[in-house]
Amino acid sequence: MSEQPAPYGTPPAISADASTASGLPEPGTAPATPLARVRIPHLQQMKDRGERWAMLTAYDMYTAQVFEEAGIPVLLVGDSASNNVLGNESSLPVTVDEMIMLTRGVSRAARRALIVVDLPFGSYQASPEQAFLTAARFLKEAGAHAVKLEGGVEVVPQVEKLVHSGVPVMAHIGFTPQSEHQLGGYRVQGRGDDGARLIADARALEAAGAFAVVLEMVPATVAAEVTAALRIPTVGIGAGAGCDAQVLVWQDMAGLRAGRMPRFVKQYADVRGALVDAARAYAADVASGAFPGPEHQF
Ligand code: KIV
């Protein structure tokens with residue numbers, strides 16, 4: 001019989017030697033029984049059951065472990081790593097090799113989550129063949145399970161080629177950061193008559209075989225319309241509550257990034273404040289001689 005892991009919303013049976021609350025093994029230890037991997041059909045099943053799910057970006061092994069422990073079913077190695085990890089001003093400069101390195105860290109750590117990786121700017125637009133060759137590297141060399149690419153009807157040939165070659169595709173429409181210069185900056189897309197174009201794009205991507213569609217910075221009413229029109233899940237970011245799933249960049253969600261946040265971000269922690277406090281306390285202890293203490297010495 002084919003593998004039928006439990007739907008992700010159902011906690012896995014905690015194995016006898018599992019010592020963490022989540023049932024996930026301690027880092028570095030092997031689980032006694034294999035844990036069920038989230039698969040594309042689970043996401044579809046969740047939409048069919050009306051269950052909302054959360055996706056987060058992750059760019060390294062610790063965030064992958066932490067978010068998986070929190071039960072996040074899908075981790076996105078976003079090209080937002082360009083701005084959020086590598087210090088670039090936009091998502092445009094990040095390279096395939098840089099993304100492969102980051103994706104490896106995530107895929108080595110994540111045992112359950114579905115790992116989706118962004119195809120960087122310039123690595124898929126030229127042709128369906130280019131898209132396939134790039135995606136193949138992410139699946140073979142980096143351990144990704146699916147790829148995400150930006151664009152509407154214009155990338156349908158790429159989506160078809162990937163899907164026919166066995167590569168699951170998450171689409172991304174609305175505001176597409178790789179086109180920020182063409183779009184004139186970070187702007188809400190799909191207002192007024194443009195809403196119909198967005199719905200047509202979403203339908204075309206679904207017909208091409210995409211398993212989900214990210215809707216970024218689109219009016220909530222339009223996102224809800226797209227969500228109702230599609231069989232596959234929509235994943236919103238700045239697209240209101242009517243989507244099947246939501247995604248945030250983890251540094252925004254956890255309060256690591258400083259400065260003004262986009263309107264669509266909700267911060268659930270002050271990780272930046274906690275790190276600043278910890279670093280200050282450490283530096284003060286070093287200066288005063290309180291660290292290292294006798295218990296830290298050999
Ligand atoms: O790169 C990214 O992080 C993204 C999400 C914000 C959707 O594309």
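All of the points below concern the structure found in this document. (Residues numbered from 1 in each chain as written. Predicted model: local features only at pLDDT ≥ 70, side-chain atom pairs only at ≥ 80, totals over all residues. Heavy atoms only, no water.)

1. Some details on the environment of Gly255
No. 1: Summarising the element assignment, Gly255 is placed in the loop between α10 (250-253) and α11 (271-288).
No. 2: Looking at Gly255, the relative accessible area reads 5%, which means it is buried.
No. 3: A sequence separation of 13 residues divides Gly255 from Tyr268, and the C-alpha atoms of the two residues are 7.0 Å apart.
No. 4: Gly255 has contacts with Gln267, Ala269, Asp270, Val271 and Arg272, leaving out every residue within four places of it along the chain. (Helix = DSSP H or I, 4+ residues; strand = E, 2+ residues; numbered from the N terminus. Buried < 20%, exposed > 50% of the residue type's maximum accessible area, 1.4 Å probe, protein only. Contact = heavy atoms within 4.5 Å.)

2. Quick word on α11
No. 1: Look at α11: 26 Å from first C-alpha to last across 18 residues, which is about the 26 Å you get at 1.5 Å a residue.
No. 2: In the segment just after α11, Gly289 is the residue with positive phi, at about 90 degrees. (Expected span 1.5 Å × (residues − 1).)

3. Quick word on the packing of aromatic side chains
No. 1: Tallied over the full model, the rule gives three aromatic pairs.
No. 2: Ring centres of Phe175 and Tyr186 lie 4.4 Å apart, and the angle between their planes is 45 degrees; this geometry places the pair in the tilted category. Of the two residues, Phe175 sits in the loop between β5 (169-174) and α7 (180-183) while Tyr186 sits in the loop between α7 and α8 (194-208), which places them eleven residues apart along the sequence.
No. 3: Note on Phe175: relative accessible area 0%, which makes it buried.
No. 4: Seen from their ring centres, Tyr282 and Phe291 are 5.9 Å apart, and the 65 degrees between their planes marks the pair as edge-to-face.
No. 5: On the accessibility criterion, Phe291 (32% relative accessible area) is partly exposed. (Phe/Tyr/Trp six-rings, centres within 6.5 Å; stacked < 30°, edge-to-face > 60°.)

4. As for the site of the ligand
No. 1: Near the ligand, the surroundings consist of Thr57, Leu76, Gly78, Asp79, Ser80, Asp118, Lys148, His172, Ile237, Val247 and Val249.
No. 2: One nitrogen or oxygen atom from the side chain of Ser80 is found 2.4 Å from an oxygen atom belonging to the ligand.
No. 3: A distance of 3.0 Å separates an oxygen atom of the ligand from a polar atom in the side chain of Asp118.
No. 4: For the ligand, whose unbound accessible area comes to 260 Å², protein coverage reaches 96%. (Near = heavy atom within 4 Å. Polar contact = N/O pair within 3.5 Å; in protein donor to acceptor, adjacent residues only side chain to side chain. Areas by Shrake-Rupley, 256 points an atom, 1.4 Å probe, with all protein chains shown as cover.)

5. What to know about helix α1 (residues 40-49)
No. 1: Where α1 is concerned, the buried positions are His42, Leu43, Gln44, Met46 and Lys47.
No. 2: Backbone geometry just downstream of α1 places Gly50 in the positive-phi region, at approximately 75 degrees.

6. Re the side chain of Gln158
No. 1: Here Gln158 shows up in helix α6 (residues 156-164).
No. 2: The class of Gln158 is buried, set by a relative accessible area of 5%.

7. Thoughts on the pattern of salt bridges
No. 1: Applying the stated rule across the entire model yields eight salt bridges.
No. 2: The partner of Glu51 in a salt bridge is Arg49, with the nearest N and O atoms 2.6 Å apart.
No. 3: For Arg49, a relative accessible area of 41% corresponds to the partly exposed category.
No. 4: Here Asp252 ties to Arg257 by a salt bridge, and the two come within 2.7 Å at their closest N and O atoms. (Salt bridge = Lys/Arg side-chain N within 4 Å of Asp/Glu carboxyl O.)

8. What to know about the pairing of strand β3 (residues 114-118)
No. 1: Taken across its five residues, β3 has five buried, putting it largely inside the fold.
No. 2: Across four bridges, strand β2 (residues 74-77) lies against β3 in parallel orientation. Within β3, the residue paired with Val77 across the bridge is Val117.
No. 3: With three bridges joining them, β3 and strand β4 (residues 146-150) adopt parallel strand pairing. Residue Asp118 lies in a different strand from β4, and its bridge partner there is Lys148.
No. 4: Handedness of the β3-helix α5 (residues 128-141)-β4 crossover: right-handed. (Pairing = 2+ DSSP bridges. Right-handed = clockwise from strand over helix to strand, strands pointing away.)

9. Focus on the sheet that holds strand β8 (residues 245-248)
No. 1: Strand order in the closed barrel formed by eight strands is β1-β2-β3-β4-β5-β6-β7-β8, and the pairing between neighbours is parallel. Along the sheet, successive strands turn relative to each other by an average axial angle of 25 degrees, direction set aside.
No. 2: As judged from the two bridges shared by strand β7 (residues 234-237) and β8, these two strands associate in the parallel manner. When the bridges of β8 are listed, Val235 appears paired with Ala245. (Axes fitted to C-alpha atoms, helices over the stretch in contact; angles between N-to-C directions.)

Function-wise, these values are silent; they only describe arrangement.
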